[in-house]
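Structure at a glance
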Amino acid sequence: KNQVEQSPQSLIILEGKNCTLQCNYTVSPFSNLRWYKQDTGRGPVSLTIMTFSENTKSNGRYTATLDADTKQSSLHITASQLSDSASYICVVSARNGGGADGLTFGKGTHLIIQP
Amino acid sequence: GAVVSQHPSRVICKSGTSVKIECRSLDFQATTMFWYRQFPKQSLMLMATSNEGSKATYEQGVEKDKFLINHASLTLSTLTVTSAHPEDSSFYICSARKLLPWDEQFFGPGTRLTVL
């Protein structure tokens, strides 16, 4: 069964500090992995999308890593800001023979940035 | 970038009435759209896959007669919650599948449904 596990479930840090969120998956065959940011009461917004051959990808203060061998990904947030408070969701896409990708969602990490 | 809109953003209705939620891809065509439901502090749960010009595919446990989906054009899918009950109160999110340059889903902003 395809699964995506995220840790920690929730995290509180002070403004300006860095943090790293983890995502482990057992999705196969692997197509790509995406990190989304979801503000409360809003839809998810894509931060990064990574394919099998990519190890690191940055989007401003967000840096995602992918280790396809160990099936782990991380999202590092640098110099956190109050606006970073949100849920961060890891989504892994599986590719089947028909070409239609199925998505497996993690439960998310709820991040709170305190002033 | 790809933009997906939803309307309405919030709706409050009485028990027993029907509510229609619209999902539009504003700057691309989407042959496939998805409808999700999300409870507080929970992950998104896929309800159904909406295919333009054909019947929707529902996930196990989702009543197709309760949640009517219509995907009449390449930019519009609608979800109608029929005979709504308080337990249907939730956050409903749609996404639209864009094939190029990546096979990727873009999410709408969500619709908060409250059934009194």
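It is worth spelling out the overall build of chain A at this point. Scanning chain A for helices and strands turns up zero helices and 11 strands. Along the chain direction, N to C, the helices and strands of chain A fall in the order β-β-β-β-β-β-β-β-β-β-β. At 14 Å, chain A has a C-alpha radius of gyration in line with the 13 Å of a compact globule built from 115 residues. Across its three principal directions, the C-alpha atoms of chain A cover 50 × 30 × 20 Å. When burial is assessed residue by residue, chain A has 44% of its 115 residues classed as buried. About 5600 Å² of surface is accessible on chain A, with carbon and sulfur atoms providing 49% of the total. Taking the average place of the 10 positive charges on the side chains of chain A and the average place of its 8 negative ones, the gap between the two points comes to 4 Å.

All names here are of chain B. All chains considered together, the criterion is met by two disulfides over all chains. Paired through a disulfide, C23 and C94 show a sulfur-sulfur distance of 2.0 Å. Negative torsions about the S-S bond denote left-handed disulfides, and the value of about 80° found for C23 with C94 makes this one right-handed. Here the residue C23 occupies a position in strand β3 (residues 19-25), and C94 occupies one in strand β9 (residues 90-98), the gap between them amounting to 71 residues.

If you look at the interface, chain B gives 15 residues, while chain A gives 19 residues. Our enumeration of links across chain B and chain A arrives at zero salt bridges. Where chain B touches chain A, the interface holds four residue pairs in polar contact (both at pLDDT 80 or more). Of all the secondary-structure elements, those providing two or more residues to the side of chain B that touches chain A are β4 (32-38), β9 and β10 (104-107) of chain B. Of the residues that constitute the side of chain B that touches chain A, the class distribution is seven nonpolar, five polar and three charged.

All names here are of chain B. Alternating residues of strand β2 (residues 10-13) divide into V11 and C13, all buried, and R10 and I12, none buried. Two strands pair when backbone bridges link them, and β2 and strand β11 (residues 111-115) are joined in this way by four bridges, in the parallel orientation. Considered in β11, the bridge of I12 is made with T114.

Calculation criteria
- Residues numbered from 1 in each chain as written.
- Chains lettered and ligands numbered in written order.
- Predicted model: local features only at pLDDT ≥ 70, side-chain atom pairs only at ≥ 80, totals over all residues.
- Heavy atoms only, no water.
- Helix = DSSP H or I, 4+ residues; strand = E, 2+ residues; numbered from the N terminus.
- Rg over C-alpha atoms; globule rule 2.2 N^0.38 Å.
- Buried < 20%, exposed > 50% of the residue type's maximum accessible area, 1.4 Å probe, protein only.
- Areas by Shrake-Rupley, 256 points an atom, 1.4 Å probe, with all protein chains shown as cover.
- Lys, Arg positive; Asp, Glu negative; His and termini not counted.
- Charge placed at Lys NZ, Arg CZ, Asp CG, Glu CD.
- Disulfide = S-S within 2.5 Å.
- Contact = heavy atoms within 4.5 Å.
- Salt bridge = Lys/Arg side-chain N within 4 Å of Asp/Glu carboxyl O.
- Polar contact = N/O pair within 3.5 Å; in protein donor to acceptor, adjacent residues only side chain to side chain.
- Nonpolar A, V, L, I, M, F, W, Y, C, P; charged D, E, K, R; others polar.
- Pairing = 2+ DSSP bridges.

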